[in-house]
Amino acid sequence: MTEQRTLEPEKLTKGLATVSKPVKRLDAEDKVKGKPLFADDYDRPGILYAKQLYSKFPHAKIINIDITEAQDSPGVKGVITRDDIPGKHTYGNVIEDQRALADVKVRFLGDVVCVVAAKTKRQADAAVEKVKVEYEELPAVFDPREALKEGAPLLYEERKTNAQIPQKVRHGNVEKGFKESDLIIKKKFTTPFLEHSYIEPESAIAFIDQQGTIRIKGSFQNPFTAREVIAGFLSMGLDKIRVQKTVLGGTFGGKDELMSAIGCRLALLSLKTGCPVKTTYSRENSFLESHKRNPFYMDYKVGVTKDGILKAVESDIVVDSGVYCSMSPYIALRGIVQGAGPYRVENVCSDAVSVYTNNPYTGAMRGFGSPQTNVAIESIMDIIAQKLDIDPVKLRLKNALKKGDVAPTGQKINHEVGLTEALQKTAKKIGWKKKRKKYSKKQTGDYRKGVGIACCMRGISLGAEGVDAAAASVSVQSDGRVIVTTGITDHGQGSQTVMAQIAADILGISIDRITYLEPDTSLIPDSGPTVASRSTFMGGNATKDAALKVKKRMIKIVAELLESPEEYVLVSGGRFYDRKSPDLEISFDEAVKVCNNKAVPLFEYGWYSMPAIDWDEEKGVGEPYFTYVYSVNAAEVTVDTATGKVKVDNFVSAHDMGRAINPMQCYGQMFGGAAMGIGLALYEEVEVVEGVMKDRNFDTYTLPTACDVPDFQGIIVERPDPEGPFGAKSLGEPATEVVAPAVLNAVAQAIGRRIYDLPASLERVLLGKKLSKYKKKKKG
């Protein structure tokens, strides 16, 4: 593993004490020592254990639920079904169609019909099997393309269609663009269901505290969202629901809606029994009930001139949403907004629709639609390069966006763009020229090598997906130590360290003075979901706002003490001083004492809301995001043509992320994201046959292992954004977005044939098709 930063460290870090430095994570030592408490570690006296009963059919009416035997079973203290819900039956981020407890129908095998709470786990397991449910099986549909056809079974009859909210992008005139093209490429691509594969399964505990508030502690990715859902489900005020996130063992977008449902069930059981109630999912149940990455069915048509200038991109995409809408319409939107690549394309016409099926539901997963469409457009870029006999890097450089250009949505790019530098640096680092030329020659023997490259752009934060704002608080204690908290959750990505770095630098103190508290819905304002790689940008700006307010208040007092103008007073290295007369100084701790003696409060809330955008949803044109980041990945592979095995030998990951607040963590994101993207490219697929999920644990669901991880090289390209905290933007999701096409392009060079349907498994590499591990159920 090697790293490279493309600007001089002294230029990047001048005047900064902790920001832009490789500071050790705040939680690193404790995690290595096994000290943090995860959700399953929490316990309370008199605790009950919950166990859920799942549907027996992918689609059926619920005629009757008989809980008599379950209620009378040993140790059982409570049983809940649809009849026990005191409030709303449905919830959802876009369309309210999700149910914590199935009511009229079940729509997939992961729908929960009933939940039992008992004194022991074994008693709960035994009792839930005694619940008798009478069903009337209904016709089901499992292919989203079939679900769009007239006469297909409807999952929600009242909607009169299985289509959700169609999305589109329109820019220029594609017919004109194709007429001006010398070469037109038409290709189809598909991507599969993917599991998030976090190590920690879903877990939570609910209890009623001394104030009568329902408290739920657990592995919540988005505690504020969960609180709102639970309050609606119980028909209670938000002030009566307190959600506390515990240390998370990963999420990647997966612990969102399901955790809200779990919170609803546990809270209701706790109210009904008067006891604390806990659940921790088995891996099998986590697989069954949690959402997956959306399968995409993509039809692409791209026009280009003979000298390699892109003229038109047209795409038609069908997205499998499964039984619930979740975030699928916005996943479809981001997919097509970024689906023409980070290129100047004058003419774009893209349509995407997410569709209900009786498959497991799908939703947010690292990348949020972009990894799927990037596979298509970046594969086509290599196809174009081959057809026109242009080097793939040169083709991308020729079309790469620069400041002042117009993006595929019609948005003018007003920020600095590091894409060209990232492309050049990546190509040099991977040894592109030499290896591309070498591997283009005829190869003999079983082992064939190839090198591939891919790039992308990603919109920052929620953008056109919704209102976006975040809160933070900074509290300076009487001993000079500082407590920081935000509404942003740390899933393991290290956001608490970044917030601490920002606060420390503004207050001019060392980071070891900072204590970061995890968000608590009763103690910090709603800061929205921790998604969309928005943590550093939104939470960081809120933290910056709070810290600056405290700093300003302290400077006013210090200026009076030093008899200096306020504008002359600076703080760094744990001291305030006059920049004109540096000997006039006072330590940070002394300044705190003076403020306390003068009854000056050293606590502040910070708030930051997203800059205005101008996106016309009806026309599909405008500014869907206020700024972007840019990524380039390159992969070198060896393919065993006798077995179909692909080995990624070397991988280069370059990212223009604005400013790297913590370079060490940035490299961690790059390499972790690359490992996840390699899984998408070569290994991972949740196989679903007629609504039945065949992969329910890691014994059959294939993940890349340590043996499959290549030699990683990371490149940080910095183009600080004036709107970001210290110029930072984002990195978490971009780190995985173009890994797969880079690998696939390398595989295509190695074997002389392209893989259009992911993953590029042994069978697809060897035979050109995927062989199922499972036999399909015979009809009739």
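Novice: Even after reading the chapter, I still don't get the packing of aromatic side chains, so can you show me in this structure?
Specialist: When we look at a pair of aromatic rings, we describe it by the centre distance and by the angle of the planes. Taken as a whole and assessed by the stated rule, the structure comprises 16 aromatic pairs. Between Phe57 and Tyr135, the ring centres sit 5.3 Å apart and the planes meet at 75 degrees, which makes this aromatic pair edge-to-face. Here Tyr135 lies in strand β7 (residues 132-137) and Phe57 lies in the loop between β2 (48-54) and β3 (60-66), a separation of 78 residues in the sequence. What makes Phe57 partly exposed here is its relative accessible area of 24%. Considering the side-chain rings of Phe537 and Tyr608, the 6.0 Å spacing of their centres and the 65 degrees angle between planes classify their relative orientation as edge-to-face. A residue pair is termed long-range when its members are at least 10 positions apart, and Phe537 in helix α16 (residues 535-562) and Tyr608 in strand β24 (residues 603-609) qualify at 71 residues. Accessibility assignment for this pair places Phe537 and Tyr608 in one class, buried. Clustering of aromatic rings is evident, with ring pairs tying together Phe651, Tyr667, Phe671 and Phe712. Over the face of the ring belonging to Tyr198 we find Lys255, whose NZ or CZ atom lies 4.6 Å from the ring centre. Its guanidinium or amino end placed over the ring of Tyr577, Arg575 lies 4.2 Å from that ring's centre, counting from NZ or CZ.

Novice: What exactly am I supposed to notice about the sheet that holds strand β14 (residues 296-304) here?
Specialist: Paired through their backbone hydrogen bonds, the strands of a sheet run either parallel or antiparallel. The 5 strands are arranged β8-β16-β15-β14-β9 in an open sheet whose pairing can be described as mixed. The open sheet has two edge strands with one neighbour each: β8 (167-171) and β9 (183-190). When the angles between neighbouring strand axes are averaged without regard to direction, this sheet yields 5 degrees. In the sheet, strand β15 (residues 310-322) pairs with strand β16 (residues 348-356) via 9 bridges, with the strands oriented parallel. Across the sheet, the residue bridging to Gly322 is Tyr356, located in β16. Packing of helix α10 (residues 328-337) onto the sheet brings it into contact with β8, β14, β15 and β16, and relative to β8 it is tilted by some 20 degrees. Helix-sheet contacts for helix α11 (residues 370-388) involve β9, β14 and β15, and the interaxial angle to β14 is about 35 degrees.

Novice: So what exactly am I meant to see when it comes to the pairing of strand β17 (residues 447-459) here?
Specialist: Taken across its 13 residues, β17 has 10 buried, putting it largely inside the fold. Direction of pairing for β17 relative to strand β27 (residues 628-640): antiparallel, over a ladder of 13 bridges. Within β27, the residue paired with Arg448 across the bridge is Val639.

Novice: What exactly am I supposed to notice about unusual backbone geometry here?
Specialist: Backbone phi values are negative for most residues with the exception of glycine, while trans is the configuration of most peptide bonds. Cis geometry marks the peptide bond from Leu758 to Pro759; its omega dihedral reads -5 degrees. Structurally, Pro759 is set in the loop between α20 (739-751) and α21 (762-767). At Ser326, a residue that is not glycine, the phi angle is positive and equals roughly 50 degrees. If you trace the backbone, Ser326 turns up in the loop between β15 and α10. By relative accessible area, which is 2% here, Ser326 ends up buried.

Novice: For this particular structure, what's the right way to read the environment of Ala70?
Specialist: Relative to the helices and strands, Ala70 resides in helix α3 (residues 68-71). Given the relative accessible area of 0%, Ala70 is considered buried. For the pair Ala70 and Thr521, spaced 451 residues apart in the sequence, the C-alpha separation amounts to 35 Å. In this structure Ala70 touches Val76, Ala127, Lys130 and Val131, once residues within four positions along its chain are discounted.

Novice: Got a minute to help me understand the environment of Tyr297 in this structure?
Specialist: Relative to the helices and strands, Tyr297 resides in strand β14. In the structure, Tyr297 is positioned 55 residues away from Ala352 in sequence and 9.6 Å away in space, judged by C-alpha atoms. Setting aside residues no more than four positions away along its own chain, Tyr297 makes contact with Pro144, Arg145, Phe189, Thr190, Asp316, Ile317 and Val318.

Novice: What is the right way to look at the pattern of salt bridges in this model?
Specialist: Pairs can form between side chains of opposite charge once their charged atoms are near each other. Applying the stated criterion to the full structure yields 42 salt bridges. Salt-bridge contacts for Glu421 lead to Arg719; the nearest nitrogen and oxygen are separated by 2.5 Å. With Glu421 in helix α13 (residues 419-430) and Arg719 in the loop between β31 (711-717) and α19 (734-737), this pair connects stretches of sequence that are 298 residues apart. The structure contains a network of salt bridges with shared partners spanning Lys176, Glu180, Lys311 and Glu346.

Novice: Just to check I follow, could you spell out the packing of helix α18 (residues 663-683) against α20 for this structure?
Specialist: When two helices pack together, their arrangement is captured by the angle between the axes and the distance separating the axes. Across the interface, α18 lies against α20 with an axial gap of 7 Å and an inter-helix angle of 55 degrees. Relative to α20, the element α18 lies oblique. In the packing of α18 onto α20, the handedness of the crossing is right-handed. Counting all contacts with α18, which are made through Gly673, Ala674, Gly677, Ile678, Leu680, Ala681 and Leu682, the residues of α20 involved are Val739, Ala740, Val743 and Leu744. Here the residues of the contact of α18 with α20 sort into 9 nonpolar, 2 polar and no charged.

Novice: Just checking my understanding: could you explain the sheet that holds strand β5 (residues 105-106) for this structure?
Specialist: Spatially, the 3 strands line up as an open sheet ordered β5-β3-β7, and their pairing is antiparallel. Two strands bound the open sheet, and with one partner strand each, they are β5 and β7. In this sheet, β7 lies alongside β3 in antiparallel orientation, the contact comprising 6 bridges. Bridging from a neighbouring strand, Ala60 pairs with Glu137 of β7.

Novice: How should I be thinking about the domain arrangement of the protein in this particular structure?
Specialist: For an interface, size is often stated in terms of accessible area lost upon the parts coming together. Per the domain assignment, the segments of the protein are domain 1 (3-36 + 469-609), domain 2 (39-138 + 202-280) and domain 3 (292-401 + 415-463 + 615-767). Centre-to-centre, using C-alpha coordinates, domain 2 lies 37 Å away from domain 3. Between domain 2 and domain 3, the contact holds 17 residues from the first and 19 residues from the second. Carbon and sulfur atoms supply 60% of the area that domain 2 and domain 3 bury against each other, a total of about 1,500 Å² over both sides. There are 0 salt bridges connecting domain 2 and domain 3. Taken together, the residues of the side of domain 2 that touches domain 3 sort by class into 7 nonpolar, 5 polar and 5 charged.

Novice: Would you explain the nonpolar core in this entry?
Specialist: It is characteristic of soluble globular proteins that their nonpolar side chains tend to be buried jointly. Ranked by size, the top nonpolar core spans 108 residues in total, and within it Tyr300, Ile384, Val637, Leu682 and Val743 carry the most contacts. The element best represented in this core is α18, accounting for 10 residues. Residue contacts for Val637: discarding those within four places in its chain leaves Arg448, Lys449, Gly450, Val646, Lys647, Val648, Asp649, Val743, Ala746, Val747 and Ala750. Formed by 53 residues, the second largest nonpolar core is a distinct cluster that contains Val115, Phe220, Ala267 and Tyr281.

Here is what the cut-offs are and how they apply
- Residues numbered from 1 in each chain as written.
- Predicted model: local features only at pLDDT ≥ 70, side-chain atom pairs only at ≥ 80, totals over all residues.
- Heavy atoms only, no water.
- Phe/Tyr/Trp six-rings, centres within 6.5 Å; stacked < 30°, edge-to-face > 60°.
- Helix = DSSP H or I, 4+ residues; strand = E, 2+ residues; numbered from the N terminus.
- Buried < 20%, exposed > 50% of the residue type's maximum accessible area, 1.4 Å probe, protein only.
- Lys NZ or Arg CZ within 6 Å of the ring centre and 35° of its normal.
- Pairing = 2+ DSSP bridges.
- Axes fitted to C-alpha atoms, helices over the stretch in contact; angles between N-to-C directions.
- Contact = heavy atoms within 4.5 Å.
- Salt bridge = Lys/Arg side-chain N within 4 Å of Asp/Glu carboxyl O.
- Parallel < 35°, antiparallel > 145°, perpendicular 65-115°, else oblique.
- Left-handed = near helix turned anticlockwise from the far one by under 90°.
- Nonpolar A, V, L, I, M, F, W, Y, C, P; charged D, E, K, R; others polar.
- Domains from an automatic or database assignment.
- Buried area = accessible area lost by both parts, 1.4 Å probe.
- Core = buried A, V, L, I, M, F, W, Y, C linked by side-chain atoms within 4.5 Å.

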